[in-house]
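Analysis of the macromolecular model
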Amino acid sequence: MSEISVGERRALILQAAYGTFVSYGFKRTTMDDIAQVVGLSRPALYIHFRNKPDIFRALMRSMMEEALLKVRSSLEQDLPLEDRLFLALSEGIVAPQRQILATAHGAELFDTSHEFGADLFLDWMKAVEEEIARELSRSEAAQVITFPSGLSSEIVASLLIDAVEGMKCRRQDIEELDDTIPHLLKLVLGAIQPR
C-alpha cells in the first residue's frame, strides 16, 4: 500500500467527517466514528486534529475554499454583470446553505457552525464581499457601472452581502432566496449603471 501525504490524509478525514456529521449530526458523531470511516485508530486521528470542533472548523474552511473558487469562477464568466453577480451570490451564500440544509442534520450543523465557527463565517462573508467588490471595481473601470458620489465598490459589495444575509433570515425556503436575489441586483445595478 502506498503512503499518502499528510494533506491527503487530512482531506480523507474531512471527507469522512462530513459524511458522519450529515448522517448522525455533530453531537452524536464521535472521534471514533470518524476514525473508523477513514480507517484510522482514534489515537492516529488525534495526530491530525485535536478534537471534534477542530475537525469541524477545518471542514468549514475546506468547504469555504471550495465555494470561493466557485464564486471566482462565476465572476469570470462571459456574462452580463448582473448574471455574474447572481451566480457569485448564489455560489457563495445560497449553494452552501442549500447543500447543508439538504442533509438530515442540516439545522444542527448550522447551529454548530455558529457555536464553533462564527469567526470563520464572518471571514467567509468578507471573502465573498471582497470578490464582489473586485468585480464591481473592474466593471467601473470598464465603464459598465458608475458609482454616485459617496459610494464605492466596497460599500456596494458590503450592502449586497448584508441584504442577501438579511433576506436569508426572512425567507423560509432557500429557493425563495435564490428567486429574490435577481430583484435585489436589478435594484442595485439600476442605480449604478450609466445613463
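Residues numbered from 1 in each chain as written. Predicted model: local features only at pLDDT ≥ 70, side-chain atom pairs only at ≥ 80, totals over all residues. Heavy atoms only, no water.

**Some words on unusual backbone geometry**
- Although it is not a glycine, Q143 sits at a positive phi angle of roughly 60°.
- Along the polypeptide, Q143 turns up in the loop between α6 (106-141) and α7 (153-170). (Helix = DSSP H or I, 4+ residues; strand = E, 2+ residues; numbered from the N terminus.)

**Some details on the packing of helix α5 (residues 81-101) against α6**
- In contact at an axis separation of 11 Å, α5 and α6 are set at 170° when each is read in the N-to-C sense. The orientation of α5 with respect to α6, classified from their angle, is roughly antiparallel. Taking contact as the criterion, the partners of L81, R84, L85, L89, G92, I93, Q97, I100 and L101 in α5 are, on α6, G106, A107, L109, F110, W124, M125, V128, I132, E135, L136 and S139.
- Of the residues in the contact of α5 with α6, the class split is 14 nonpolar, four polar and two charged. (Axes fitted to C-alpha atoms, helices over the stretch in contact; angles between N-to-C directions. Parallel < 35°, antiparallel > 145°, perpendicular 65-115°, else oblique. Contact = heavy atoms within 4.5 Å. Nonpolar A, V, L, I, M, F, W, Y, C, P; charged D, E, K, R; others polar.)

**Some details on the packing of aromatic side chains**
- A full pass over the atoms with the stated rule returns four aromatic pairs.
- Centroid distance F21 to F26: 5.3 Å. Interplanar angle 45°. Geometry classified as tilted. Of the two residues, F21 and F26, neither departs from the other in class, the shared state being buried.
- Ring centres of F26 and F116 lie 5.3 Å apart, and the angle between their planes is 45°; on these two criteria the pair is classed as tilted. Taken as a pair, F26 in the loop between α1 (6-24) and α2 (31-38) and F116 in helix α6 lie far apart in primary sequence, 90 residues in all. (Phe/Tyr/Trp six-rings, centres within 6.5 Å; stacked < 30°, edge-to-face > 60°. Buried < 20%, exposed > 50% of the residue type's maximum accessible area, 1.4 Å probe, protein only.)

**Brief notes about the pattern of salt bridges**
- Taken as a whole and judged by the stated rule, the model has 12 salt bridges.
- We note a salt bridge from E82 to K186, for which the minimum N-O separation is 3.1 Å. Taken as a pair, E82 in helix α5 and K186 in helix α8 (residues 174-192) lie far apart in primary sequence, 104 residues in all.
- The exposure class assigned to E82 is partly exposed, which follows from its relative accessible area of 22%.
- Across the pair K168 and E165 runs a salt bridge, and its minimum N-O distance is 3.0 Å. You can see K168 and its partner E165 sitting in helix α7, three residues apart, about one turn around the helix. (Salt bridge = Lys/Arg side-chain N within 4 Å of Asp/Glu carboxyl O.)

**A few points about helix α4 (residues 52-76)**
- The end-to-end C-alpha separation of α4 is 36 Å, in line with the 36 Å expected for 25 residues at 1.5 Å each.
- The opening residue of α4 is N51, an N-cap whose side-chain oxygen sits 2.8 Å from the backbone nitrogen of D54. (Expected span 1.5 Å × (residues − 1). Polar contact = N/O pair within 3.5 Å; in protein donor to acceptor, adjacent residues only side chain to side chain.)

Any functional reading would require information that these geometric values do not contain.
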